[in-house]
Amino acid sequence: MDFNLTKEQELLRDGLTKFLSVRYDLEKSRAAAKTGIGWQPDIWRGFATELGILGATLPEDVGGMDGGPIELMVITEALGHALVIEPYIDTVVVAGGLLRRAGGPTATSLLEKIIEGTAVVALAATEPASADRWQDVSTLAERDGDGWVLNGRKMMAVGAPLATQLLVTARTPDVDGILLFLTDVGAAGIEVHPYRTIDDRRAADIAFNNARLPSEAILGEQGQAWASLSRARDEGAAAICSEAVGCMRKVLADTVEYCKQRLQFGQPIGRFQVLQHRMVDMYMELEQSVAAVYLAILNLDADEATRARAVSAGKATVGRAARFIGQQAVQLHGGMGMTEELAIGHYFKRLTAIQYEFGTTDQHIARYAALTKP
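Just so we're clear, the structure is a prediction, and the values are computed from it rather than from any experiment.

1. Here we look at the overall build of the chain
Alright, step 1. The number of helices and strands found in the chain is 11 helices and 10 strands.
Alright, step 2. Taking 374 residues into account, the globule formula puts the C-alpha radius of gyration at 21 Å, and the chain, at 21 Å, falls close to it.
Alright, step 3. Over its C-alpha atoms, taken along the principal directions, the chain stretches across nearly 80 × 50 × 40 Å.
Alright, step 4. A total of 374 residues make up the chain; the buried ones form 53% of that total.
Alright, step 5. Residue pairs at least 24 apart in sequence account for 72% of intrachain contacts in the chain once pairs closer than 6 positions are excluded.
Alright, step 6. For the chain, the accessible area works out to roughly 16,600 Å², and carbon and sulfur atoms hold 53% of it.

2. Here's the deal with the packing of aromatic side chains
Alright, step 1. In total, this model carries six aromatic pairs according to the counting rule given.
Alright, step 2. When the centroid spacing of 5.8 Å and the interplanar angle of 55° are considered together, the rings of W39 and W44 count as tilted. As far as burial versus exposure is concerned, W39 and W44 are alike and both buried.
Alright, step 3. Here R233 stacks its cationic end above the ring of W134, 4.9 Å away from the centre of that ring.

3. Details of the pairing of strand β5 (residues 175-184)
The two faces of a sheet get side chains in turn, since along a regular strand they alternate between them.
Alright, step 1. The sheet contact formed by strand β4 (residues 165-172) and β5 spans seven bridges and is antiparallel. Considered in β5, the bridge of V168 is made with F181.
Alright, step 2. Turn length for the β4-β5 hairpin, with the two strands adjacent in sequence and antiparallel, is two residues.
Alright, step 3. By the bridge criterion, two bridges tie β5 to strand β8 (residues 218-219) in an arrangement that is antiparallel. Directly across from L180, in β8, lies its bridge partner L219.

4. Concerning unusual backbone geometry
Alright, step 1. Here D66, not a glycine, exhibits a phi torsion of approximately 60°, which is positive.
Alright, step 2. Relative to the helices and strands, D66 resides in the loop between α3 (41-51) and α4 (69-81).
Alright, step 3. Given the relative accessible area of 49%, D66 is considered partly exposed.
Alright, step 4. Positive phi outside glycine occurs at M156, with the angle close to 50°.
Alright, step 5. Tracing the chain through its elements places M156 in strand β3 (residues 147-158).

5. Quick word on the pattern of salt bridges
Alright, step 1. Applying the stated criterion across every chain yields a total of 22 salt bridges.
Alright, step 2. For R231, the salt bridge goes to E235, with nearest N and O atoms at 2.8 Å. Of the two residues, R231 and E235 are both situated in helix α7 (residues 226-261); the distance of four residues between them amounts to about one turn of the helix.
Alright, step 3. The salt bridge partner of D301 is R231, with a shortest N-O separation of 2.6 Å.

6. Looking at the packing of α7 against helix α10 (residues 343-354)
Alright, step 1. Across the interface, α7 lies against α10 with an axial gap of 10 Å and an inter-helix angle of 150°. Relative to α10, α7 is oriented roughly antiparallel. In the packing of α7 onto α10, the handedness of the crossing is left-handed. Residues I240, E243, A244, C247, M248, K250, V251 and T255 of α7 touch α10, and the partners they reach there are I344, Y347, R350, L351 and I354.
Alright, step 2. Looking at the contact of α7 with α10 residue by residue, the class counts come to nine nonpolar, one polar and three charged.

7. Details of α3
Residues lying three or four places apart along an α-helix face the same way, a consequence of the helix completing one turn every 3.6 residues.
Alright, step 1. Inspection of α3 places I43, W44, G46, F47 and A48 among the buried residues, and these make up the whole buried set.
Alright, step 2. Positioned one or two residues after α3, G52 has a phi angle of 75°, which is positive.

8. Side note on the pairing of strand β1 (residues 121-124)
Alright, step 1. Of the two faces of β1, both are covered, the one formed by V121 and L123 as well as the one formed by A122 and A124.
Alright, step 2. As judged from the four bridges shared by β1 and β4, these two strands associate in the parallel manner. Note on β4: the bridge partner recorded for L123 is L167.

9. Observations regarding a negative patch on the surface
Alright, step 1. Among the surface-exposed residues, E60, D61, D66, E112 and E116 lie close enough to one another that they form a single negatively charged patch.
Alright, step 2. As for its position among the elements, E116 is in helix α6 (residues 105-116).

10. Looking at the state of the cysteines
Alright, step 1. Inspection of the entire model under this criterion finds zero disulfides.
Alright, step 2. There is no disulfide at C247, and the cysteine sulfur nearest it, in C241, is 12 Å away.
Alright, step 3. Judged by its relative accessible area of 0%, C247 falls in the buried class.
Alright, step 4. With no disulfide of its own, C259 has C247 as its nearest cysteine by sulfur position, at a separation of 19 Å.

Scoring rules and cut-offs
Residues numbered from 1 in each chain as written. Predicted model: local features only at pLDDT ≥ 70, side-chain atom pairs only at ≥ 80, totals over all residues. Heavy atoms only, no water. Helix = DSSP H or I, 4+ residues; strand = E, 2+ residues; numbered from the N terminus. Rg over C-alpha atoms; globule rule 2.2 N^0.38 Å. Buried < 20%, exposed > 50% of the residue type's maximum accessible area, 1.4 Å probe, protein only. Contact = heavy atoms within 4.5 Å. Areas by Shrake-Rupley, 256 points an atom, 1.4 Å probe, with all protein chains shown as cover. Phe/Tyr/Trp six-rings, centres within 6.5 Å; stacked < 30°, edge-to-face > 60°. Lys NZ or Arg CZ within 6 Å of the ring centre and 35° of its normal. Pairing = 2+ DSSP bridges. Salt bridge = Lys/Arg side-chain N within 4 Å of Asp/Glu carboxyl O. Axes fitted to C-alpha atoms, helices over the stretch in contact; angles between N-to-C directions. Parallel < 35°, antiparallel > 145°, perpendicular 65-115°, else oblique. Left-handed = near helix turned anticlockwise from the far one by under 90°. Nonpolar A, V, L, I, M, F, W, Y, C, P; charged D, E, K, R; others polar. Patch = residues over 30% accessible without salt bridge, like charges linked within 9 Å, V, L, I, M, F, W, Y side chains within 5 Å. Lys, Arg positive; Asp, Glu negative; His and termini not counted. Charge placed at Lys NZ, Arg CZ, Asp CG, Glu CD. Disulfide = S-S within 2.5 Å.

Structure representation (structure tokens):
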């Protein structure tokens, strides 16, 4: 199989990498996360107007470039390498995929706004008692004339404090299955409780108290949202694995460079064989992750069982590698590894968080085992 990028994909990668190296300063992004509004809107506008990456993987009929999984991998790996906190995966990959499959004028209009950079959409799917299982939904949607009334709670909706719209999962007494609703963040009856996560992203717990939504707020067929949600979860998992590869490449490179410069007993610590062995082990974990990401990415358009196996294999492999590489990098940097001033500490926090997003390492190991059971 040919794993070489096309000329167009190389241009996409090189353009995004150059943009991030010039415009995306780690210190500035952390300041925005900790003391500012949580992100840099000018960077998001640059993604839309200067680079076009917000539409790179979305259909041409809504203004996108109709790119595929490889373009997704190129973009997310570059974002991971620069430790970008802007909600690309949440808005473009997860919400964008759900809107694309739902279809209809409401979804189409919102996709166009996402590509333009004027809309940010977050998914509210996880509930307090669901243990990160999107299919366990107790939020209730009831008919109210021509519209709907929502009651329930969601937790850990990543990107919700930055969003203009929310996609919300719910059930109704009249229809089996899961429904998907679109609502403005500031709609009456919706309480958003924002917070900053350990890796400097923004998330929120959300309460729906008799939130009234119009009839057109429902997306797709009633009760048939799970198939699309399941695919969105796998697409998000594959994208975050690719992001992790970008993070791990940067962490390994910084660690090797540090070990060349840090002197102990009159020589660089990188000359000590035991530390060389550690860095080789880090490199091996990274290369296994790269292969696992290719497997997951290239099977996103396969049948459901094949896609699920490939994504779970990738997420489990990357989860293990992220833990190992992150911890080894911190140890090799010594006490400096956990300081706010050094980039390695920020990357370590992101690699730790990635192990729990879109399903934990253990959950994906269990799913892979179930899918491969004879």
